[in-house]
Amino acid sequence: MNAHCGAGRDPSQTEVLIIGTGFSGLGMAVALRRQGKRDFIVLERAQDVGGTWRDNTYPGAACDIQSHLYSYSFRPNPRWSRVYAPQAEIHDYLRATAREEGVLPHVRFGANVEKAEWDDALGMWTVETTNGCYRAPVLISAGGHLSDPSYPDIDGLKSFKGRIFHSARWDHGYDTAGKRIGVIGTGASAIQIVPEMAKTASHLTVFQRTAPYIIPRRDHVYSEAEKGMFERFPETAQELRDELFWGNESRFPQRRRVPAFIEQITATALGHLEQQVPDPELRRKLMPTYAIGCKRVLISNDYYPTLALPHVTLETAGIARIDEAGVILRDGRRVDLDLLVVATGFEVADLPIAEVIHGAGGQKLSDVWTAGGQAYACTTVAGFPNLFIMLGPNTGLGAGSMIFMIETQIGYIREAVDFVFETSSIVEPDPDAQRAYVDSIHKRSEGSVWLAGGCSSWYLHPVSGKLTTLWPDFMTQFRAENGSFSPQGYVVRRQLAPGGRELEREAQ
Ligand code: NAP
């Protein structure tokens, strides 16, 4: 396969190419920059850094993981305004990271990856983008899994004549005041949007397909004294971070359906529902019918009370179709709308980036992932030499901070990149080692709440029914298994230099 850049286009050459400037791509870039050993270029399709925290600007957007934990361990921020920081503050944190860590000169903005292709003769990846062509021996895909909006497949959606936008593509030019607003979805995004929309809508209708479990949000604004303490005594911020981490880690047995754990969290959620929703009919509609944790457990103090407001309706009849004026329910009733917000999540099961990555022999990553993502150490794929995938298969979490997973992968990939350059090698996992690794993940996920909890979720792949997005074990186990690179399990081909003559091929 002869990768090329199109007529008359010379590639910009570097040692490492990173796709994406969200938490994972940016974190990887900071690690390489601090290490100072490698040339690298970061490709970003937008005009700013920040990934999902740049794109999700909907009213009420905030992180539901505590900010002192949901931030890089190597860049603590003593001045988080509150326990759960709002989106703009997290985005500012990422922008400051890119700027202050000297990453920005490495970023090529407006560079949407159209094709990434491995050239075995060159020992290089060639990456065609909307902003030039690039070439490097190592490619790190850090496109994220919450980056491409998923639109609902509802009959007539396109015929709607009012305004419609996805939660991740909010149109701030549209004035929602006094409008009849509909929100499709009741996931983590929707429950943040709904209370905000209710503040000014003339009427708000929430279209629920599945009731989520919701627990109280234990939030507070940090006082100047607290921020000062975190600043002057960084060990206090570290202690808080550790406490938050172990709090999440200790909840993992809920996902394994250990009775005492699952009973306790279920009681917390149903107590919250009982306490916040006195109306028995509304409470009945909001009662989940599957085991807690099968879908993401949400946190909110204002979602339930919003649904009880006189100008807010929770519709559970199901959507039959949409026409130019609004939504027609399965029971024949109609809801006319000015604005329809689709808070229907992201393309996670089949990552769009896999459509443009072509490995040895030209095979597309999406073609080898038809039954869901599979990767060795959750990071590398047989047939895709020197490709490292961040937040790829089985790296998501049901509870806990993704930053821990990201930093684990940063450590692994940095060591792998050192190995590649220091030994002039091309690495890809041995197919048998990869199969055994993926099998071990699926074995571990058996009996978990995600598979046995009685819900349908985007955590499971629609074709294989397997858990392909989440890590099915303790976070500490992820780090123990995948925190450090070893050539064991890899096929290593040695070259005189990247792009040079192949010397030998050895399975480790
Ligand atoms: P989501 O969790 O995938 O939720 C999508 C919602 O849309 C669900 O309620 C789903 O119903 C509904 N839906 C999808 N298609 C539908 C259809 N055709 N008809 C009716 N309803 C439909 O998406 P999200 O809320 O954007 O959250 C995605 C992920 O982003 C979260 O799990 C979380 O990891 C992350 N997130 C995090 C935060 C944070 O604070 N850290 C905030 C927002 C999002 P069903 O349940 O029936 O499928």
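Residues numbered from 1 in each chain as written. Predicted model: local features only at pLDDT ≥ 70, side-chain atom pairs only at ≥ 80, totals over all residues. Heavy atoms only, no water.

(A) Region of interest: the overall build of the protein chain. In terms of regular secondary structure, the protein chain is built from 15 helices and 23 strands. Taken over C-alpha atoms, the radius of gyration comes to 24 Å for the protein chain, in line with the 23 Å a tight globule of 508 residues would show. Reported as C-alpha extents along the three principal axes, the dimensions of the protein chain are approximately 75 × 55 × 45 Å. The buried share of the protein chain, taken over its 508 residues, is 57%. (Helix = DSSP H or I, 4+ residues; strand = E, 2+ residues; numbered from the N terminus. Rg over C-alpha atoms; globule rule 2.2 N^0.38 Å. Buried < 20%, exposed > 50% of the residue type's maximum accessible area, 1.4 Å probe, protein only.)

(B) Layout of the state of the cysteines. Taken as a whole, this structure holds 1 disulfide when the rule is applied. Between the sulfur atoms of C294 and its disulfide mate C455 the distance is 2.1 Å. Linking C294 and C455, the disulfide has an S-S dihedral of approximately -90 degrees and is accordingly described as left-handed. Here the residue C294 occupies a position in the loop between α9 (280–285) and β13 (298–299), and C455 occupies one in the loop between α14 (449–452) and α15 (475–482), the gap between them amounting to 161 residues. The same class applies to C294 as to C455, namely buried. (Disulfide = S-S within 2.5 Å.)

(C) How the structure looks around the pattern of salt bridges. A full pass over the atoms with the stated rule returns 35 salt bridges. Between E355 and K364 there is a salt bridge; the shortest N-O distance is 3.1 Å. Its relative accessible area of 22% is what places K364 among the partly exposed residues. (Salt bridge = Lys/Arg side-chain N within 4 Å of Asp/Glu carboxyl O.)

(D) Spatial organisation of the side chain of H166. As for its placement among the helices and strands, H166 is situated in strand β9 (residues 163–166). Of note is the side chain of H166, whose polar atom sits 3.5 Å from the side chain of S167. When neighbours within four sequence positions are excluded, H166 is seen to be in contact with P149, S150, Y151, V342, T344 and G345. (Polar contact = N/O pair within 3.5 Å; in protein donor to acceptor, adjacent residues only side chain to side chain. Contact = heavy atoms within 4.5 Å.)

(E) Seen up close, the nonpolar core. In terms of nonpolar packing, the biggest core is built from 85 residues, with V16, I18, F23 and I140 touching the most fellow members. The element best represented in this core is helix α12 (residues 402–422), accounting for 13 residues. What I18 contacts, discounting residues up to four positions off in sequence, is G25, M28, A29, L32, F40, I41, V42, L43, I140 and A142. Counting 30 residues, the second-largest nonpolar core is a separate cluster that includes F165, A201, V206 and L282. (Core = buried A, V, L, I, M, F, W, Y, C linked by side-chain atoms within 4.5 Å.)

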